[in-house]
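Secondary and tertiary structure notes
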Number of protein chains: 2
Amino acid sequence: MLNLDLSNVSPFLPAGWRTGEEKGLEKAHRHLLEGTGAGSDFLGWVRLPADYDKIEFARIQKAAEKIRSDSQALVVIGIGGSYLGARAVIETLTSNNYNLTRKDSPAIYFAGNGLSADALNEVIDLVKDVDFSVNVISKSGTTTEPAVAFRIFKALLEEKYSKEGARGRIYATTDAKRGALKGLADSEGYEEFVVPDAVGGRYSVLTAVGLLPIAAAGIDITALMAGAAQAMEQLAVPGMDNPAWQYAAARHALYQSGKKVEILAGYEPAFRFFAEWWKQLYGESEGKEGRGLFPASVEFTADLHSMGQYIQQGERLMFETVICFDRARTKISIPNDPENVDGLNFLSGKGLDFVAEQALRGIILAHVDGGVPNILLTVPGRDERSLGELIYFFEFACGLSGYLLEVNPFDQPGVEAYKNNMYALLGKPGYEKQKAELEKRLGG
Amino acid sequence: MLNLDLSNVSPFLPAGWRTGEEKGLEKAHRHLLEGTGAGSDFLGWVRLPADYDKIEFARIQKAAEKIRSDSQALVVIGIGGSYLGARAVIETLTSNNYNLTRKDSPAIYFAGNGLSADALNEVIDLVKDVDFSVNVISKSGTTTEPAVAFRIFKALLEEKYSKEGARGRIYATTDAKRGALKGLADSEGYEEFVVPDAVGGRYSVLTAVGLLPIAAAGIDITALMAGAAQAMEQLAVPGMDNPAWQYAAARHALYQSGKKVEILAGYEPAFRFFAEWWKQLYGESEGKEGRGLFPASVEFTADLHSMGQYIQQGERLMFETVICFDRARTKISIPNDPENVDGLNFLSGKGLDFVAEQALRGIILAHVDGGVPNILLTVPGRDERSLGELIYFFEFACGLSGYLLEVNPFDQPGVEAYKNNMYALLGKPGYEKQKAELEKRLGG
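An account of the accompanying structure is given in this report.

Right, let's get into the overall build of chain A. If you tally the helices and strands in chain A, you get 17 helices and 10 strands. Taken over C-alpha atoms, the radius of gyration comes to 23 Å for chain A, in line with the 22 Å a tight globule of 444 residues would show. Its C-alpha atoms give chain A principal-axis dimensions of about 65 × 55 × 55 Å. Per-residue burial for chain A yields a buried fraction of 65% across its 444 residues.

With that out of the way, let us pick up the pairing of strand β2 (residues 73–77) of chain A. Residues and elements named next belong to chain A. A large share of β2 lies buried, amounting to five of its five residues. Residues Ala 73, Val 75 and Ile 77 line one face of β2 and the alternating positions Leu 74 and Val 76 line the opposite face, and both faces are buried. As paired elements, β2 and strand β3 (residues 107–111) share five bridges and run parallel to each other. Along β3, the bridge assignment pairs Val 75 with Tyr 109. As judged from the five bridges shared by β2 and strand β4 (residues 132–137), these two strands associate in the parallel manner.

Expressed as a screw operation, the relation of chain A to chain B combines 0.0 Å of axial shift with a rotation of 180 degrees, fitting to an RMSD of 0.0 Å. What we have between these two chains is a two-fold relation. The residues that chain A uses at the interface reappear at the interface of chain B in 100% of cases, marking a shared surface.

Residues and elements named next belong to chain A. What the rule picks out here adds up to 48 aromatic pairs over all chains. A centroid spacing of 6.4 Å and a plane angle of 45 degrees characterise the contact between Phe 274 and Phe 394, whose relative ring orientation is tilted. In this pair, Phe 274 is assigned in helix α12 (residues 272–286) and Phe 394 in helix α15 (residues 384–404), connecting sequence segments 120 residues apart. Across the pair, exposure class does not vary: Phe 274 and Phe 394 are buried alike. Members of the aromatic cluster, joined through ring pairs, are Tyr 247, Phe 271, Phe 274, Trp 277, Trp 278, Tyr 282, Phe 325, Phe 393 and Phe 394.

With that out of the way, let us pick up the environment of Ser 105 of chain B. Residues and elements named next belong to chain B. Mapping Ser 105 onto the fold places it in the loop between α5 (98–101) and β3 (107–111). As for Ser 105 and Phe 325, which are separated by 220 residues in sequence, their C-alpha atoms are 25 Å apart. Separated by 3.2 Å, the side chain of Ser 105 and the backbone oxygen of Ala 217 make a polar contact.

Here we come to the sheet that holds β3 of chain B. All names here are of chain B. Read across the open sheet, the five strands follow the order β3-β2-β4-β5-β6; overall the sheet is parallel. This sheet does not close on itself; its edge strands, each paired only once, are β3 and β6 (191–194). On average, adjacent strands in this sheet sit at an angle of 20 degrees to one another, irrespective of strand direction. Relative to β6, strand β5 (residues 170–174) runs parallel, the two being bridged by four bridges. By the bridge assignment for β6, Thr 173 is matched with Phe 193. Against the sheet, helix α6 (residues 117–127) makes contact with β2 (73–77), β3 and β4 (132–137), and its axis sits at roughly 155 degrees relative to β3, the strand it touches most.

On to the pairing of strand β9 (residues 318–327) of chain A. Residue and element names in this part refer to chain A. Along β9, eight of the 10 residues are buried, which leaves the element largely enclosed by surrounding structure. Pairing analysis gives five bridges linking strand β7 (residues 261–266) to β9, with the strands arranged parallel. What sits directly across from Val 261, in β9, is Met 318. Two elements, β9 and strand β10 (residues 374–381), share seven bridges in a ladder whose sense is parallel. Counted as the bridge partner of Phe 325 is Val 379 from β10. Since β9 and β10 lie parallel, the crossover through helix α14 (residues 352–369) that links them has a hand, and here it is right-handed.

The next thing to look at is the interface of chain A and chain B. Each side of the interface is counted separately: chain A has 121 residues, and chain B has 121 residues. Summed over both partners, the interface of chain A with chain B buries about 10500 Å², with 63% contributed by carbon and sulfur atoms. Where chain A packs against chain B, one counts 12 salt bridges. In this structure, Arg 361 of chain B and Glu 439 of chain A form a salt bridge, with 3.0 Å as the shortest nitrogen-oxygen distance. Ranked by residues supplied to the side of chain A that touches chain B, first place goes to α14 of chain A with 12 residues. Residue classes in the side of chain A that touches chain B are distributed as 58 nonpolar, 37 polar and 26 charged.

Now for the sheet that holds β9 of chain A. Adjacent strands of a sheet pair through backbone hydrogen bonds, lying either parallel or antiparallel. Residues and elements named next belong to chain A. Spatially, β1-β10-β9-β7-β8 is the arrangement adopted by the five strands of the open sheet, whose pairing is mixed. Two strands in the sheet have a free side with no partner beyond their single neighbour: β1 (3–8) and β8 (294–299). With strand direction ignored, the average angle separating the axes of adjacent strands in the sheet is 20 degrees.

So, about the nonpolar core. Formed by 136 residues in total, the largest nonpolar core has its most connected members in Phe 153 and Phe 294 of chain A together with Phe 153 and Phe 294 of chain B. Setting aside anything within four residues of it in sequence, one finds Phe 294 of chain A in contact with Lys 260, Val 261 and Glu 262 of chain A together with Val 261, Ile 263, Ala 296, Met 307, Tyr 310 and Met 318 of chain B.

It is worth spelling out helix α3 (residues 54–70) of chain B at this point. Residue and element names in this part refer to chain B. With 17 residues, α3 should reach 24 Å at 1.5 Å per residue; the first-to-last C-alpha distance of 24 Å fits that figure. Looking at α3, one finds that the buried residues are Glu 56, Phe 57, Ile 60, Ala 63, Ala 64, Ile 67 and Asp 70. With its buried residues spanning 165 degrees around the axis, α3 presents them on a single face. Exposed and facing more than 90 degrees away from the buried side of α3 are Ile 55, Lys 62, Glu 65 and Ser 69. At the N-terminal end of α3, a side-chain oxygen is found 3.0 Å from the backbone nitrogen of Ile 55, two or three residues along, and the residue is Asp 53.

Moving on, we come to the packing of helix α4 (residues 81–93) of chain B against helix α12 (residues 272–286) of chain B. Residue and element names in this part refer to chain B. At a minimum axis separation of 7 Å, α4 and α12 run at an interaxial angle of 145 degrees. Crossing of α4 against α12: the hand is left-handed. Contact residues: Gly 81, Tyr 83, Leu 84, Gly 85, Arg 87, Ala 88, Glu 91 and Thr 92 in α4; Phe 273, Phe 274, Glu 276, Trp 277 and Gln 280 in α12.

So, how was this worked out
- Residues numbered from 1 in each chain as written.
- Chains lettered and ligands numbered in written order.
- Predicted model: local features only at pLDDT ≥ 70, side-chain atom pairs only at ≥ 80, totals over all residues.
- Heavy atoms only, no water.
- Helix = DSSP H or I, 4+ residues; strand = E, 2+ residues; numbered from the N terminus.
- Rg over C-alpha atoms; globule rule 2.2 N^0.38 Å.
- Buried < 20%, exposed > 50% of the residue type's maximum accessible area, 1.4 Å probe, protein only.
- Pairing = 2+ DSSP bridges.
- Least-squares fit on C-alpha atoms with pLDDT ≥ 70 in both.
- Contact = heavy atoms within 4.5 Å.
- Phe/Tyr/Trp six-rings, centres within 6.5 Å; stacked < 30°, edge-to-face > 60°.
- Polar contact = N/O pair within 3.5 Å; in protein donor to acceptor, adjacent residues only side chain to side chain.
- Axes fitted to C-alpha atoms, helices over the stretch in contact; angles between N-to-C directions.
- Right-handed = clockwise from strand over helix to strand, strands pointing away.
- Buried area = accessible area lost by both parts, 1.4 Å probe.
- Salt bridge = Lys/Arg side-chain N within 4 Å of Asp/Glu carboxyl O.
- Nonpolar A, V, L, I, M, F, W, Y, C, P; charged D, E, K, R; others polar.
- Core = buried A, V, L, I, M, F, W, Y, C linked by side-chain atoms within 4.5 Å.
- Expected span 1.5 Å × (residues − 1).
- Arc of directions from axis to C-beta.
- Left-handed = near helix turned anticlockwise from the far one by under 90°.

This is the structure we're talking about:
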């Protein structure tokens, strides 16, 4: 079970701060469980760990097995929630060097999440001489970045395996009923998986969107779902003992007290992209109407020697949320040095995990002393079950947080602005007037 | 040459904001060139691109050639400035997947920059069956993370190659005269390189600290230095035409106007760790006395689908600094689709670089319309010379920025706080009293 420690939050807040958040939380909790709040069309994630489509889940496992048996690489094409969730889970549970250290699993390359020609050509080079499959993930099929990448990798597969052969290597995760990709998948006969209507991109990691690439990497998605289901049961119980309530309450109270930045601090390099997933979840859910905590992340202890100075003594505008995995997966002991050149023989024979634990305790106190409130979240281990719990915990607390902030936690109206400008400048039919206006501004 | 565009800054600032910064910049500029300001013991980087030790430079090149000829992997042990600079340059100039895509160059693994047992064991697994060398980088030789890692990899090398053989595979970058690592390197006969006294860690990428790993990756360090030297000449000229003055002025004026977060936005996945290097440079130089911009980073267009919503409509507390590499290294054209399933045939035959350029232009306007000031820095290409320029540009502008903020840009007094707590909790001799106090606080 996750353990949340708020003992280093309370000193920064007025007495009774928890009580002040309770009424808002009761309402937010009802919004999530009963669909009474804004964005209630997007609550499909709330009961997902129990109510998921078991038949599709079995198909995901089967497709993953096929990919593992016939492919040395899987190209996962998607952006935003169709990218970060799978990458976050795969790296956290294996390594940020997964593609370098994997043994019997296919390489997983993410494409279609940007517009870098160099990055796209790199993935092409990496797969062109091996057997590979493609999982294209897009609700509409018309988002520029993944659509462009899919054109390219589809052509590559068809050239390599013929149109018929390519069919058996393309997995389309898309809308259940409509859209460009759905139409193509139907007519071509690709195996299809569903991006559910009621689950937004940033909440989609436990749907086929995340699960197929995760399973293809050899990760036990049954245990991942079981962890999420456990958290779902636990967090459905309202009250201040609920850790999601506590987390949402603390960050909301800190925000109200003037803290504008939340730093998620991890101690494992493998955790880097989980922090990116968390940034999307919270940034996109809360960052609207001129409100919301700015989500940032650091990797300790590396970044104590980069961002550490700022955290200790810079602008007092942030608090930290520290993720600690309780058990290291592997052990290593510090060798003795008879000459004790570095003066570290007081550590000889100690495990590195012991050093890391003392560092974490010392860092928290140092930052608290420097005026940075601290939320400590201890996760049992870097395993499927624990990560499932952590995902659901952050999702549920994020829903609560958005409602506490009085925004719709499930929309993202601001994302259209850049897309419209981009379409216009690219000369998309129908955008002629906007193009002329933009070109005038850019020329001026 | 770098090109700085501030046209999307001025609308957010009072008329005449540049004039308001000029006096401070004149003084800051003198502090850097004449050593008249705080921290003037650490100005060795200012003339470094011209005044570097040419004999040592040739030794670095020779050592890199030796590593390239006798090693399939190089383990680089260092933390903070002894880690991020080399990693930033290697990845930016090759790929964030360097170890996966390298051809005739050794793998470069960074170790000793954290306390994760799993991450350390991973590097051990990756090198134990190949020929490898170690570059240990530490001014003192007693910083916990790199010292622990060095104990382990030194033992591994000695076991594999004998004590004598290991000697020829260990490169020590350390103090010129004193310290634990210097003493050991002298007595063992390791090849030694110098961490200069007058160059702080975050400014050390163009010394042996960064240059040896960079050269080992097959990067042309002569061109890198030439680019830096060109920027040095250009930026030594005082005045508002100086792009470093402009950048420092803009970010200081924005900070004074209430912006608290600077987001560095790149468009190349390979740029991710350059942004980390930049965060250390600015965060550690400015983040003191309760002041300084909080440095954050995003990778576009991927993060437009995660942090994009917040940037467009969240708290108006930030501005963006966008890095644009003018030339992509490789080309790729968007294939035509006779059926135009995704509706993107208006892009058929267009290069992805064209799409990326229009996206960048559209994104800037969208964010500016959303109330986010924008600084656009165009870099000629993703090549050694351009990157040398960019490094020096950021270093010089950072020195100016620190003085504008009236802090010492070259110290990091806050970094000791966590180290002292950690030493005490680990039971380091001499810290007994502090340990008892801390344990009491933690137990309470």
